[in-house]
Amino acid sequence: MSNDKDVTKVFTNKAPPPVGPYPHAIVVGDFIFVSGMGPRKQGQNEIPGVTKNTQGEVISHDIVTQTRSTIENIRIVLEEAGSSLTNIVDVTVFLTHMKQDFASFNQIYGEYFSHISPTRTTVEVKSLPTPIAVELKVIAYQPK
């Protein structure tokens with residue numbers, strides 16, 4: 001973590017590096033804003049739940065595997081910020097295949113968050129910056 005006045009930028013080598021020039025999260029007061037997170041794993045080239053053909057093109061994805069991996073990455077970042085999944089108050093979900101993946105995504109999401117009940121917005125997007133099918137952006141609240 002690095003501090004800049006009342007803002008703490010969170011970086012961790014336990015989670016995959018961001019795909020751009022931004023931190024894993026920023027802590028402002030009692031809130032933790034986690035950057036969009038996908039299923040990539042730290043130190044691995046393969047993306048969990050992605051199957052490619054011999055030309056390296058994505059031919060299928062497993063939304064269950066990707067959802068679990070994404071939530072695990074968020075857990076890692078929140079713990080680095082001194083928090084946990086139970087403090088999440090808002091989730092924005094980006095899916096690349098809403099019709100195909102929503103029910104399975106929702107089932108796994110419920111395993112982690114039904115007892116927490118954060119607010120949520122789910123949108124379908126044409127693509128994400130890496131060949132993933134799901135990305136989550138979360139806000140957590142943790143009084144100091």
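This paragraph deals with the pattern of salt bridges. Summed over the entire model, instances satisfying the criterion amount to four salt bridges. A salt bridge links Glu80 to Lys14, with the shortest nitrogen-to-oxygen separation between them at 3.9 Å. Residue Glu80 is located in helix H1 (residues 63–80), and its partner Lys14 is located in the loop between strand E2 (7–10) and strand E3 (25–28); the two are separated by 66 residues in the primary sequence. Given a relative accessible area of 25%, Glu80 falls into the partly exposed group.

A few words now on helix H2 (residues 98–113). Counting along an α-helix, one turn takes 3.6 residues, and residues three or four places apart therefore face a common direction. For H2, which comprises 16 residues, the first-to-last C-alpha distance of 19 Å sits more than 12% below the rise-based estimate of 22 Å (1.5 Å per residue). A bend of about 25 degrees at Ser104 is the largest found in H2. All buried positions along H2 are accounted for by Asp101, Phe105, Ile108, Tyr109 and Phe113. Looking at the packing, one finds that the buried side of H2 touches strand E6 (58–61), H1, strand E7 (88–95), strand E8 (119–124) and strand E9 (134–141).

Our focus in this paragraph is the environment of Val134. Tracing the backbone through its elements, the reader meets Val134 in strand E9. Along the sequence, Val134 and Phe94 sit 40 residues apart, while their C-alpha atoms lie 5.6 Å from each other. Residues within four places of Val134 in sequence aside, it is in contact with Met37, Gly38, Pro39, Ile63, Gln66, Thr67, Thr70, Val93, Phe94, Leu95, Phe105 and Leu128.

Let us now look at the nonpolar core. Counting residues in hydrophobic clusters, the biggest one holds 28 residues, and the most contacted among them are Ile32, Val34, Ile74, Leu78, Ile88, Phe105 and Leu136. Where this core is concerned, the elements lending two or more residues are E3, strand E4 (31–37), H1, E7, H2 and E9. Tallying contributions element by element places H1 first for this core, with six residues. For Leu78, the residues in contact, after removing those within four places along its chain, are Ile32, Val34, Ser83, Ser84, Leu85, Ile88 and Ala140.

Procedures and definitions
- Residues numbered from 1 in each chain as written.
- Predicted model: local features only at pLDDT ≥ 70, side-chain atom pairs only at ≥ 80, totals over all residues.
- Heavy atoms only, no water.
- Salt bridge = Lys/Arg side-chain N within 4 Å of Asp/Glu carboxyl O.
- Helix = DSSP H or I, 4+ residues; strand = E, 2+ residues; numbered from the N terminus.
- Buried < 20%, exposed > 50% of the residue type's maximum accessible area, 1.4 Å probe, protein only.
- Expected span 1.5 Å × (residues − 1).
- Bend = angle between axes of the 7 residues up to and from the residue.
- Contact = heavy atoms within 4.5 Å.
- Core = buried A, V, L, I, M, F, W, Y, C linked by side-chain atoms within 4.5 Å.

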